[in-house]
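Notes for the structure review
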Amino acid sequence: MTKISHRILPSSIITNTKGLALVVCSLEGSSWLQTFLLPCPFKAVTDVDCPGCGFQRSLFALAQGNWAESYQLYPPTIPLLVVFLYALLKWAFGFDKRDTAMKIMAVACGWFVIGVYVLKLWNRH
């Protein structure tokens, strides 16, 4: 009788992740997801983009594998995802609570969001 190992190998995780990415990217009917994008209440009231306008569309483009389109729609998407992932890992594995790297990444990402927003407003006029 053969003993089956229940241990997940890193190579199988990578394979599963690539398979999931291929499934997400190859969905022909994925346009129905765009109907669920939330409208921006700030823009609805003021007719001015908020600092987060474009994030949902950018995230959707990134999920489809369109990196350049994602960056054009909202440049801070990837840095925000990196900060979020790092915070999630920090929470899950209990890293040091006074983690300086997390603070630096969050502040740098915040300044990047503000800088992109100011440039967007500047180019609007």
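This is a predicted model, so every value here is computed, not measured.

Taken as a whole, this structure holds one aromatic pair when the rule is applied. With 6.0 Å between their ring centres and 85 degrees between their planes, Phe55 and Tyr74 make a pair best called edge-to-face. In this pair, Phe55 is assigned in helix H3 (residues 55-63) and Tyr74 in the loop between helix H4 (67-73) and helix H5 (77-93), connecting sequence segments 19 residues apart.

What follows is about the pattern of salt bridges. Within the structure shown, the criterion is met by two salt bridges. Where Lys43 meets Asp49, a salt bridge forms, and the shortest distance between an N and an O atom there is 2.8 Å. Lys120 is paired through a salt bridge with Asp49; the nearest N and O atoms lie 3.8 Å apart. A residue pair is termed long-range when its members are at least 10 positions apart, and Lys120 in helix H6 (residues 100-124) and Asp49 in the loop between helix H2 (41-46) and H3 qualify at 71 residues. By relative accessible area, Lys120 is classed as partly exposed at 26%. The structure contains a network of salt bridges with shared partners spanning Lys43, Asp49 and Lys120.

Attention now moves to the environment of Tyr86. Turning to its location among the elements, Tyr86 is positioned in helix H5. Overall, the relative accessible area of 21% leaves Tyr86 in the partly exposed class. Sequence separation between Tyr86 and Met105 is 19 residues; the distance between their C-alpha atoms is 9.3 Å. When sequence neighbours within four positions are dropped, the list of residues in contact with Tyr86 reads Phe95, Asp99, Ala101, Met102 and Met105.

Residues Ser58, Phe60, Ala61 and Leu62 constitute the buried set of H3. Looking one or two residues beyond H3, the residue adopting positive phi is Gly65, at roughly 90 degrees.

The subject of this paragraph is the confidence of the model for the protein chain. Residue-level pLDDT values for the protein chain average 78, and 72% of them are 70 or greater. Element-level pLDDT for the protein chain is lowest in helix H1 (residues 10-25), with a mean of 45, against a maximum mean of 93 in H4. Within the model, the stretch residues 1-28 combines pLDDT values under 50 with five contacts to residues more than four positions away or in other chains.

On to unusual backbone geometry, then. Phi is positive for Asp47, which is not a glycine, with a value near 60 degrees. Topologically, Asp47 is positioned in the loop between H2 and H3. Given a relative accessible area of 52%, Asp47 falls into the exposed group.

Cut-off values and rules
Residues numbered from 1 in each chain as written. Predicted model: local features only at pLDDT ≥ 70, side-chain atom pairs only at ≥ 80, totals over all residues. Heavy atoms only, no water. Phe/Tyr/Trp six-rings, centres within 6.5 Å; stacked < 30°, edge-to-face > 60°. Helix = DSSP H or I, 4+ residues; strand = E, 2+ residues; numbered from the N terminus. Salt bridge = Lys/Arg side-chain N within 4 Å of Asp/Glu carboxyl O. Buried < 20%, exposed > 50% of the residue type's maximum accessible area, 1.4 Å probe, protein only. Contact = heavy atoms within 4.5 Å. pLDDT = per-residue confidence, 0-100.

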